[in-house]
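Geometric and topological summary
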Amino acid sequence: MLPLVYLSIKSDPSISDEQKQKEDEYKDYVDEHVQNVKRAWKKLSQNKKFKEYIKTVTDHEKLLYTFVDTLIENHDYTKYGIDEWEGYRKWYFPVDEQEKEDATRLQEMAWEHHYENNPHHWDCWYKHNNIDEMLLEYVIEMCCDWIAMSMKFGSNALDWYHSQKDIVLGEKQKIWVENILKANYSVD
């Protein structure tokens with residue numbers, strides 16, 4: 001997806017060089033995250049333990065892989081859109097502390113838009129009271145998202161998941177997450 005919001009902002013002659021730099025930094029951050037999600041999926045999809053596990057939970061592995069390939073290819077595309085770009089950029093890559101402070105509501109709106117339009121976030125399912133309906137494909141993408149973040153910050157997505165007290169998943173989804181992340185880290 002072309003980051004049209006980014007291109008529009010960058011071509012605005014009225015913005016400062018410092019803001020242009022922050023726009024670049026945010027775009028690089030999002031681009032890197034998307035690439036890390038793709039790397040995580042590539043590694044996971046070739047993982048023997050993951051493949052064996054998937055065969056135990058679905059009879060349609062080939063279709064599942066095709067669908068996840070599509071999800072991963074389009075991962076976080078909404079971050080490049082008007083509803084999320086400004087709120088996230090100003091919050092995570094502010095020109096100054098005042099810009100960040102002023103962006104609090106924008107960031108909240110960007111996050112709400114993001115999880116409501118990206119069903120790989122458990123929050124999407126929780127908000128609509130259907131945590132038990134989160135599909136395996138989205139759980140896999142969610143795990144790849146977490147693995148990508150662990151790549152960026154030098155951590156372990158399984159350990160991170162275990163430390164989170166606010167994540168609400170259905171029982172089957174919890175089992176999927178545990179098994180997918182254990183396969184990724186080869187934890188028995």
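Residues numbered from 1 in each chain as written. Predicted model: local features only at pLDDT ≥ 70, side-chain atom pairs only at ≥ 80, totals over all residues. Heavy atoms only, no water.

Locating Y185 in the fold gives a position in helix 11 (residues 171-185). Overall, Y185 belongs to the partly exposed group, its relative accessible area being 24%. Within the structure, the side chain of Y185 is placed 3.1 Å from the side chain of S150, a separation counted as a polar contact. (Helix = DSSP H or I, 4+ residues; strand = E, 2+ residues; numbered from the N terminus. Buried < 20%, exposed > 50% of the residue type's maximum accessible area, 1.4 Å probe, protein only. Polar contact = N/O pair within 3.5 Å; in protein donor to acceptor, adjacent residues only side chain to side chain.)

Let us now look at the packing of aromatic side chains. Summed over all chains, the structure comprises 15 aromatic pairs. Ring centres 6.2 Å apart and planes at 70° place the aromatic pair F50 and Y65 in the edge-to-face group. Separated by 15 residues along the polypeptide, F50 in helix 3 (residues 48-57) and Y65 in helix 4 (residues 61-73) bring together distant segments of the chain. Grouping residues by exposure puts F50 and Y65 together as buried. Here the aromatic rings of W125 and Y138 are separated by 6.0 Å at their centres, their planes lie at 45°, and the arrangement is tilted. A residue pair is termed long-range when its members are at least 10 positions apart, and W125 in helix 8 (residues 122-127) and Y138 in helix 9 (residues 136-153) qualify at 13 residues. Its relative accessible area of 14% is what places Y138 among the buried residues. Each member of the aromatic cluster is reached from another via a ring pair, and the members are Y6, Y26, Y29, Y80, W85 and F93. One Lys or Arg, K79, reaches over the ring of Y88 and ends 5.7 Å from the middle of that ring. (Phe/Tyr/Trp six-rings, centres within 6.5 Å; stacked < 30°, edge-to-face > 60°. Lys NZ or Arg CZ within 6 Å of the ring centre and 35° of its normal.)

On to the nonpolar core, then. Across soluble globular proteins, nonpolar side chains have a tendency to be buried as a group. Formed by 36 residues in total, the largest nonpolar core has its most connected members in W41, F50, I140, W146, V177, I180 and L181. At the level of secondary structure, the elements contributing two or more residues to this core comprise helix 2 (17-45), helix 3, helix 4, helix 8, helix 9, helix 10 (157-163) and helix 11. With ten residues, the top contributor of residues to this core is helix 9. Among all residues touching W41, those that are not within four sequence positions of it are F50, Y65, V68, D69, I72, I140 and C144. In terms of nonpolar packing, the next biggest core, distinct from the first, is built from ten residues, Y80, W85, F93 and A110 among them. (Core = buried A, V, L, I, M, F, W, Y, C linked by side-chain atoms within 4.5 Å. Contact = heavy atoms within 4.5 Å.)

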